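Residues per chain, in single letters:
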Amino acid sequence: QVQLVESGGGLVQAGGSLRLSCAASGRAFSSYVMGWFRQAPGKEREFVAAINWIAGNTYYADSVKGRFTISRDNAKNTVYLRMNSLKPEDTAIYHCAANTRNFLMTTTRVYDYWGLGTQVTVSS
């Protein structure tokens, strides 16, 4: 059993920064990939970033590449998303997810555990 809890969301002005955290708990936790997704009101959930838990390689959506950085702390079972140069269009609920089955990163289907999300609101 795995539980994912996000934190760090909030209200920030355009151009500002936030760092999101996702803490995984459960002694049986074993993940190949940890990812971040977001969902804005009236829109479908979209991929943001992911990290290979073993090797540490990363992948980003084009919309956030160069602005967001995903990282991990294996000892803490925690993944982070540093968000810089935030834009109003980044406003969404951000969810973290774990893929415990394989090393695929961008497909929603491969993630088998999800957090409830943390709200990020960027004002203009």
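Conventions adopted
- Residues numbered from 1 in each chain as written.
- Predicted model: local features only at pLDDT ≥ 70, side-chain atom pairs only at ≥ 80, totals over all residues.
- Heavy atoms only, no water.
- Patch = residues over 30% accessible without salt bridge, like charges linked within 9 Å, V, L, I, M, F, W, Y side chains within 5 Å.
- Areas by Shrake-Rupley, 256 points an atom, 1.4 Å probe, with all protein chains shown as cover.
- Salt bridge = Lys/Arg side-chain N within 4 Å of Asp/Glu carboxyl O.
- Helix = DSSP H or I, 4+ residues; strand = E, 2+ residues; numbered from the N terminus.
- Core = buried A, V, L, I, M, F, W, Y, C linked by side-chain atoms within 4.5 Å.
- Buried < 20%, exposed > 50% of the residue type's maximum accessible area, 1.4 Å probe, protein only.
- Phe/Tyr/Trp six-rings, centres within 6.5 Å; stacked < 30°, edge-to-face > 60°.
- Lys NZ or Arg CZ within 6 Å of the ring centre and 35° of its normal.
- Polar contact = N/O pair within 3.5 Å; in protein donor to acceptor, adjacent residues only side chain to side chain.
- Contact = heavy atoms within 4.5 Å.
- Pairing = 2+ DSSP bridges.

> What am I meant to see in a nonpolar patch on the surface here?
On the surface, a cluster of nonpolar side chains totalling about 300 Å² of accessible area is made up of Tyr32, Ile54 and Phe103. Structurally, Ile54 is set in the loop between β5 (46-52) and β6 (58-60).

> How do you make sense of the nonpolar core when you look at a structure like this?
Membership of the largest hydrophobic core comes to 37 residues, with the highest contact counts inside it found for Trp36, Leu81, Met83, Tyr94 and Tyr111. Mapped onto this core, the elements with two or more residues apiece are β3 (18-25), β4 (33-39), β5, β7 (68-73), β8 (78-83), β9 (92-99) and β11 (118-123).

> Explain the packing of aromatic side chains here, please?
According to the stated counting rule, one finds six aromatic pairs in the structure shown. Aromatic side chains Phe37 and Trp114 sit 5.0 Å apart centroid to centroid with 55° between the ring planes, which places their arrangement in the tilted category. With Phe37 in strand β4 and Trp114 in strand β10 (residues 113-114), the pair connects residues that are 77 residues apart, well separated along the chain. By relative accessible area, which is 27% here, Trp114 ends up partly exposed. An aromatic cluster of three or more residues is present, and its members are Phe37, Phe47, Tyr59, Tyr111 and Trp114. Its end group placed over the ring of Trp114, Arg45 keeps NZ or CZ at 4.5 Å from the ring centre.

> I would appreciate a short explanation of the side chain of Asp90 in the present structure.
Structurally, Asp90 is set in the loop between β8 and β9. We classify Asp90 as buried; its relative accessible area is 0%. Separated by 2.9 Å, the side chains of Asp90 and Arg38 make a polar contact. Not counting the four nearest positions on each side in its chain, Asp90 is found in contact with Arg38, Arg67, Phe68, Ser85, Val120 and Val122.

> Would you take a moment to explain the environment of Val79 for this structure?
In this structure, Val79 sits in strand β8. Spatially, the C-alpha atoms of Val79 and Cys22 are 5.2 Å apart, while their sequence positions differ by 57 residues. If near-sequence neighbours (up to four positions away) are discounted, Val79 is found in contact with Leu20, Ser21, Cys22, Met34, Trp36, Ile51, Trp53, Ile70, Ser71 and Arg72.

> What is the right way to look at the pairing of β5 in this model?
Along a regular strand, successive side chains alternate from one face of the sheet to the other. Burial analysis of β5 places six of its seven residues in the buried class, which makes it a mostly covered element. Judged from the six bridges that link them, β4 and β5 form a sheet pairing that is antiparallel. Within β5, the position partnered with Met34 by the bridge is Ile51. Bridge analysis of β5 against β6 gives three bridges, and the strand direction is antiparallel. Looking across to β6, one finds that Ala50 is bridged to Tyr59. Turn length for the β5-β6 hairpin, with the two strands adjacent in sequence and antiparallel, is five residues, and the turn residue Gly56 shows positive phi of about 90°.

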